[in-house]
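# Inside the fold
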Amino acid sequence: MPDIYNAFLSRIEISSSVSGPLSGIRVAVKDNISTKNIPTTCASKILLGYIPPYDAHAVELLKAAGATIAGKTNMDEFGMGTTTENSAFCPALNPRDVTRVAGGSSGGSAAAVAGGLVPMALGSDTGGSIRCPASYCGIVGLKPSYGRVSRYGLIAYANSFEQIGPMAANVADTAKLFSVIAGHDSRDSTSVSKPYDLTGLYAGIKGKIVGVPKEYFGEGVDKHVAAAVTAAIDRLEDLGAAIREVSLPSLQYALAAYYVTCTCEASSNLDRFDGVRYGPEPEMNLPWHDAYTSVRKMGFGPEVRRRILLGTFSLSAGHYGKYYVKAQHAKQLIRRDFFRVLTDCDLLAGPTMPNVAPKLGELIADPLQMYQTDILTVPVNIAGIPAISVPCGTAHGMPVGLQLMGRMFGEDDLLNAALAYEEAI
Amino acid sequence: MADEETNVIIGLEVHCQLDTKSKLFCGCSANFRADAPNTHVCPVCLGLPGALPVLNKNAIEFALRVAKALNCTFTKEGEFCRKNYFYPDLVKAYQITMGDSPLATGGYIEIEDDAGNPKIVSLTRIHVEEDPGRLVHMGSKERGHYTLVDYNRSGIPLIEMVTEPELSSPKEARRLLSKLRATLEYLDVFDPEKDGSIRVDANISFRGHERVEIKNISSYKGVEKALTFEITRQKNLIRRGGTIARETRHFQERKGTTSSARSKETATDYRYFPEPDLPVIRVADWVETIALPELPDARRDRFMQQYSIAVGHARTITGDLRLAEFYEGIVDVGATVAASWVADILIGELNYRGMALETVTTRAQEFKNLISLVRSKTITDKAGVEVLRVWLDNLYAGDRTETPAQIVARLGLSREDGSSFRVIVEQTLASNHQAIADHKAGKKGALNFIVGQVLKETKGKSEPREIHAMVAELIGE
Ligand SMILES: [Zn+2]
């Protein structure tokens, strides 16, 4: 099938000879997940020509489960973006309306699934990068609890927030892919031993308490989106859940805490791309500092450069206390808020995105407005808890995502609830 | 001058490679020195995108041993952090090190000051970090310059030990390093024989003047030399009315001088922040389980008690673990004579030839036999030294067949009975009437001249004390 959505950066069908739960199933892999002998670029010019000599842990697991690696998917450069327009190569298009963005940063994975090119894909979620494109393209995407899926081989953008996660056309496939990639990996020191198995998947939502944080329906949330999500929450009640309004006051700090921390980590992570080992050949007649600068200027796109500058600034002497340290305090507050409401509630529910997929070019010129659209997804990454986006109708003719958030390692609750909801509509 | 020198304040930052089997954050073998460049590497120590560090518990265990031996206070939660800077030998463009929460703080090392009195030097902190790779500069003016990068060293565990600025002379600094080296050796965490296994940054200032840091000195001798050079340089500058700039300087090992580093390098903002890929380490319970071996000071005291040897001998011998073990292995030949032979003679002869201690420790029995020959008066002390020299020269040349006893036989060095020299003594006396007259007139040393003549004639086979007695007897005293 031709890739009319720019979903893939490279298409290489590598089938596994192993038989397992994913035998015969084609899985697309986001291009920031290392694949042995297959170019892995993070949709950045600086990594053009880089061919990893090793597989990410999640890719090893895919192969061991019998999956066919269908190719590497398009994304915002290094995961930095909400629309996949920051790809150094081309924006991914939304299969539901090709004049609109697929969302980001795992836009290629979402487009590949929504466009019917593959049944499942791996994405990665640093601040919403799985859930946003899932919501915009009308598919299912799960951001696992921090530590549940090994990050070994995931090219780091913001280490303390991100997870590799499954994306699929339906909840059952999402759960299936998750059952393959979850589990302990000794090569990731933040990995925990929490495998996932599918046995309880049909347990439903009856008797579960679902909290609805009022902050998730605040200013900036499109009212048609809010209506679709409210209707979905009503459905959860019909299915036997108890609905309760809750509040997460510290969410006002979430965007700031997120952007400070992720840019700090990113600025450090991306320093290694200096032209010595990666990227375009540096000019050999320049002093080495200048050669580095020229390579990095050529190799990184504007959004990546912006975030490197922001992070470098926040970490520098005299600013560190005001920005990085403060962001960590805010992180603690947000975490505490979530853990507090999640002692009474089994799940939280709200919209995934405050809007539907914008038109191509609509947000790209205004980074601040683009950052704003992450407001409902980043809190989960800060808290480390899992969250899933499930399609719940449409607004303005485009898909809307219902976001369910759970306790640490409570993915089973999320998947059970999502499946019950999906089956009910 | 002496007054100025008491006003010198020196602090050291000592980095030692921990002698672990594998690197700090990956499974690559740390034993790379004999192998081709870039053969001990993997995605982690090459800093490949997506690779993650996994802490080598052994390295931490080693560092905890050191911290415990140096009486440090352990941090509740040790935290790794990133030190960000660009350099081609640094694969990730950051070094994983420890910042505000090192493994341990405080602690102290006891050394002798320049007057020989005990002196306590406080430690600021101890932490663990990774070594960068190594740059090898190649080419020439004619053929162009280029640089090769070898990442075999990338990720080797380093322990960094920082002292308070409490040292007052280059010699003290050197003694502190020796003590530190001995302690690490006793703890079995460090191999000082490995090339480049220690690197020192030294800061030095005169009271009331700015501090200068000398970076990356890679030998014990170098530290003393660099500091001595800096003292002279700074003293001259102050005397001429100049001001000492707060700066970083590099030490040129070959020239024995320091030179200012470009200010660009010193202006780096390292942007430290906690390493998100590694959890904090809690060591309190761990430390409890660590048992320490006998350390240099304890062994020195034990040697003095158990073997009744002099403090100087005990200190020298226990200052090097292998030397101490070698000594204990041969001590039954006679504790005092063995101590003297090891501390006063052997070390000097080895150093003179640039030979490693191992050449002798692996042949301890032969060395012991040599001492036995002296003890049993088969050969004189002087002949013993001669035999040692020949034996070492043989070993140096790769000849391992000839034993000390065979050397004695070949060179005819067996001590002969005093009576066989009577004729030589008589002849010497007969041709030195003046000396005898001088002696009788009370001139000191006149008799020694005669004894010396006899010793020369007998080629070291005679014992000076016996000759002296014979001379005295023959001139009727
Ligand atoms: Zn390695």
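Report on the accompanying structure.

About the criteria used
Residues numbered from 1 in each chain as written. Chains lettered and ligands numbered in written order. Predicted model: local features only at pLDDT ≥ 70, side-chain atom pairs only at ≥ 80, totals over all residues. Heavy atoms only, no water. Contact = heavy atoms within 4.5 Å. Salt bridge = Lys/Arg side-chain N within 4 Å of Asp/Glu carboxyl O. Polar contact = N/O pair within 3.5 Å; in protein donor to acceptor, adjacent residues only side chain to side chain. Helix = DSSP H or I, 4+ residues; strand = E, 2+ residues; numbered from the N terminus. Nonpolar A, V, L, I, M, F, W, Y, C, P; charged D, E, K, R; others polar. Expected span 1.5 Å × (residues − 1). Buried < 20%, exposed > 50% of the residue type's maximum accessible area, 1.4 Å probe, protein only. Arc of directions from axis to C-beta. Pairing = 2+ DSSP bridges. Axes fitted to C-alpha atoms, helices over the stretch in contact; angles between N-to-C directions. Parallel < 35°, antiparallel > 145°, perpendicular 65-115°, else oblique. Left-handed = near helix turned anticlockwise from the far one by under 90°. Donors = N, O, S within 2.8 Å, 3.2 Å for Na, K, Ca; no water. Tetrahedral: all angles 85-135°; square planar, octahedral: opposite > 155°, others 65-115°.

### Looking at the interface of chain A and chain B
In this complex, chain A contributes 38 residues to the contact, which on the side of chain B involves 33 residues. Along the contact surface separating chain A from chain B lie two salt bridges. Between R271 of chain B and D271 of chain A there is a salt bridge, and its shortest N-O distance comes to 2.8 Å. Across the contact surface, chain A and chain B share 16 residue pairs in polar contact (both at pLDDT 80 or more). Elements supplying a minimum of two residues to the side of chain A that touches chain B: α6 (254-269), α7 (288-299) and α8 (302-315) of chain A. In terms of residues, the side of chain A that touches chain B owes the most to one element, α6 of chain A, which gives five residues. Within the side of chain A that touches chain B, the residues separate by chemical class into 17 nonpolar, 13 polar and eight charged.

### Overview of helix α3 (residues 170-186) of chain B
Residue and element names in this part refer to chain B. For α3, with 17 residues, the first-to-last C-alpha span of 24 Å sits near the 24 Å given by 1.5 Å per residue. Taking burial as the measure, the 17 residues of α3 include twelve buried ones, the bulk of the element. Among the residues of α3, those classed as buried are P170, E172, A173, L176, L177, K179, L180, A182, T183, L184, E185 and Y186. Once α3 finishes, D188 follows within two positions and takes phi at roughly 60 degrees, a positive value.

### Quick word on helix α8 (residues 311-318) of chain B
Residues and elements named next belong to chain B. If you check which residues of α8 are buried, you get H313, A314, I317 and T318. Burial along α8 is one-sided: seen end-on, the buried residues are contained in an arc of 115 degrees. Packing partners of the buried residues in α8 comprise α3, α7 (296-307), α9 (321-330) and α10 (335-353).

### Some points on the sheet that holds strand β8 (residues 163-168) of chain A
All names here are of chain A. Read from one edge of the open sheet, eleven strands run β1-β3-β2-β6-β8-β7-β12-β13-β11-β9-β10, paired in mixed fashion. What marks the edges here is a single partner per strand, and that holds for β1 (8-10) and β10 (242-246). Each strand axis lies, on average, 35 degrees off the axis of its neighbour in the sheet, ignoring direction. Alignment of β1 against strand β3 (residues 68-73), held across two bridges, turns out to be antiparallel. Paired with F8 across the strands is T73, a residue of β3.

### Let's talk about the sheet that holds strand β15 (residues 273-274) of chain B
Residue and element names in this part refer to chain B. On the basis of which strands lie adjacent, the open sheet formed by three strands has the order β4-β3-β15 and antiparallel pairing. Sheet topology places β4 (94-98) and β15 at the edges, where each strand pairs with a single neighbour. Across five bridges, the pairing between strand β3 (residues 80-84) and β4 is antiparallel. In the sheet register, R82 faces β4, and the bridge partner there is I96.

### Focus on the packing of α7 of chain B against α8 of chain B
Residue and element names in this part refer to chain B. Across the interface, α7 lies against α8 with an axial gap of 9 Å and an inter-helix angle of 140 degrees. When the interaxial angle is binned, α7 and α8 end up oblique. Crossing of α7 against α8: the hand is right-handed. Every residue of α8 that contacts α7 at P296, R299, R300, F303 and M304 is listed here: V311, A314, R315, I317 and T318.

### Some remarks on the coordination of the zinc ion
Residue and element names in this part refer to chain B. At this site the zinc ion is bound by C26 (SG), C28 (SG), C42 (SG) and C45 (SG), with donor distances of 2.3 to 2.4 Å. Each of the four donor atoms bound to the zinc ion contributes to angles spanning 101 to 115 degrees, and the resulting shape is tetrahedral. The sequence pattern describing where the donors of the zinc ion fall on their chain is C-x1-C-x13-C-x2-C. Taken together, the residues span a long stretch of sequence, with C26 in the loop between β1 (8-17) and α2 (57-69) and C42 in the loop between β1 and α2 at a distance of 16 residues. Looking at C26, the relative accessible area reads 12%, which means it is buried.

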